[in-house]
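Okay, here's what each chain looks like letter by letter:
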Amino acid sequence: MTERRNLTGFASENTDGTFVIHIVDDQAEVFEISASRENVELIVSNLQAVLAGESGEANHAKG
């Protein structure tokens, strides 16, 4: 099982249509990932569903 870490920081930038997302954990490690606009929209949609009390699993299947 993977070790679960806590989010301590987040940043993103748009570089020529590709989004670069930086996620910082509680051990000060930075995870950097590139994502398409569609991926970012899916992330936003999933988080909106979870914040509204719904399951994010429905959106997970689309990715």
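Anyway, here's the lowdown on the structure attached to this text. (Residues numbered from 1 in each chain as written. Predicted model: local features only at pLDDT ≥ 70, side-chain atom pairs only at ≥ 80, totals over all residues. Heavy atoms only, no water.)

## Structural notes on the environment of valine 20
Where we set the bar: Each helix is a run of H or I in the DSSP string that is no shorter than four residues. Each strand is a run of E no shorter than two, and both are numbered from the N terminus. We call two residues contacting when some pair of their heavy atoms lies within 4.5 Å.
Tracing the chain through its elements places valine 20 in strand E2 (residues 18-25). With 23 residues separating them in the primary sequence, valine 20 and isoleucine 43 have C-alpha atoms 13 Å apart. Apart from the residues lying within four places of it in its own chain, the contact partners of valine 20 are Ala11, Ser12, Glu13, Thr15, Glu32, Ile33 and Ser34.

## Focus: the sheet that holds strand E3 (residues 30-35)
Stated formally: A strand pair is defined by DSSP finding two or more bridges across the two strands. Think of each axis as a best-fit line through the C-alpha atoms, taken over the contacting stretch in the case of a helix, with angles from 0 to 180 degrees between the N-to-C directions.
What the three strands build is an open sheet, ordered E1-E2-E3; its pairing is antiparallel. Every interior strand has two partners, whereas the edge strands, strand E1 (7-15) and E3, have only one. Looking at each pair of strands side by side, their axes are set apart by 15° on average, direction ignored. Pairing of E2 with E3, which is carried by six bridges, proceeds in the antiparallel orientation. Residue pairing in the sheet places isoleucine 23 in a bridge with phenylalanine 31 of E3.

## Brief notes about unusual backbone geometry
A positive phi angle, close to 55°, is found at aspartate 16, a residue other than glycine. In this structure, aspartate 16 sits in the loop between E1 and E2.

## Section: the pairing of E1
In the case of a regular strand, side chains alternate between the two sheet surfaces. Looking at chain direction, E1 and E2 are connected through eight bridges and run antiparallel. Across the sheet, residue serine 12 finds its bridge partner in E2, namely isoleucine 21. The antiparallel pairing of E1 with E2 creates a hairpin that spans two residues between the two strands, and aspartate 16 there sits at a positive phi of about 55°.

Distances and angles like these do not, on their own, reveal function.
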